[in-house]
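Structural overview for review
One letter stands for each residue in the lines below.
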Amino acid sequence: MSITLTRTLMLASLLALVVGLAGCMVPEWQKPGMPRAEVEKGMGKPTEVLPLPDGGTRLVYSRQPAGQQVYHMDFDARQQLVRVDQVLDTAHFFALRNGVDTRDSVRKTFGPPAQVERVYSFQGDIWTYRFLDNGFPRRAHVHIDPAGVVRKTMFTDEAMYIREPHR
């Protein structure tokens, strides 16, 4: 294949990608007051739809398992956007209460996990979420016992980003 043809194909592919992304909505760019129907039209189907105490609705958009964000988009009773929060961060994981929070409350906060694991040393499921901690890729491991109660949360670095020193 000639260099000119290769460059033309690369440019066409890049242009198609840019055009494709132009139609995508970014959660952080949504403005308060937007109607829910307009947000859903641009964002697509949410991962979770949850009722809020004031008669409003929370749409949860998760980018798990490959992404590192989970967005809460809260709408008032008139279905107008009130706020957008990215909740996949250490502050929200530290807010989990061992012995109090449950599988249901974890799912309502963070959506479905990137991975569910079991280990010999813990009787129950370990829900793993990928997230960024000050720009560093990490994992949060939420240990949920057989009764569905959170017992502990642990953090590890993303192994795929750890580089071995050159020897």
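The structure reproduced in this document is the subject of the present report. It should be emphasised that the depicted structure is a prediction, and the values quoted were computed from it without experimental measurement.

**Structural notes on the pattern of salt bridges**
Per the counting criterion, the structure on display carries 15 salt bridges. One salt bridge in this structure joins Arg83 and Asp85, with 3.9 Å as the shortest N-O distance. Residue Arg83 is classed as partly exposed on the basis of its relative accessible area, which comes to 41%. The exposure class of Asp85 is partly exposed, given its relative accessible area of 33%.

**Observations regarding the pairing of strand 6 (residues 122-133)**
Counting buried residues in strand 6 gives 10 out of 12 residues, a clear majority hidden from the surface. In this sheet, strand 6 lies alongside strand 5 (residues 115-119) in antiparallel orientation, the contact comprising 4 bridges. Directly across from Val116, in strand 6, lies its bridge partner Trp127. Connecting strand 5 to the antiparallel partner strand 6 that follows it, the hairpin turn spans 2 residues. With 9 bridges joining them, strand 6 and strand 7 (residues 136-144) adopt antiparallel strand pairing. Bridge pairing in strand 7 places Asp133 opposite Phe136. Counting the residues in the hairpin turn of strand 6 and strand 7 gives 2 residues, including Asn134, whose phi is positive at 55°.

**Things to note about helix 2 (residues 36-43)**
By the burial criterion, the buried members of helix 2 are Arg36, Val39 and Met43. Here the buried residues of helix 2 occupy an arc of 65° about the axis, which is enough to place them on one side. Facing away from the buried surface of helix 2 by more than 90 degrees, the exposed residues are Ala37 and Lys41. Buried residues along helix 2 sit in contact with strand 1 (48-51), strand 2 (57-62) and strand 3 (70-75). Directly after helix 2, the chain includes Gly44, whose backbone phi takes a positive value near 90°.

Scoring rules and cut-offs
Residues numbered from 1 in each chain as written. Predicted model: local features only at pLDDT ≥ 70, side-chain atom pairs only at ≥ 80, totals over all residues. Heavy atoms only, no water. Salt bridge = Lys/Arg side-chain N within 4 Å of Asp/Glu carboxyl O. Buried < 20%, exposed > 50% of the residue type's maximum accessible area, 1.4 Å probe, protein only. Helix = DSSP H or I, 4+ residues; strand = E, 2+ residues; numbered from the N terminus. Pairing = 2+ DSSP bridges. Arc of directions from axis to C-beta. Contact = heavy atoms within 4.5 Å.

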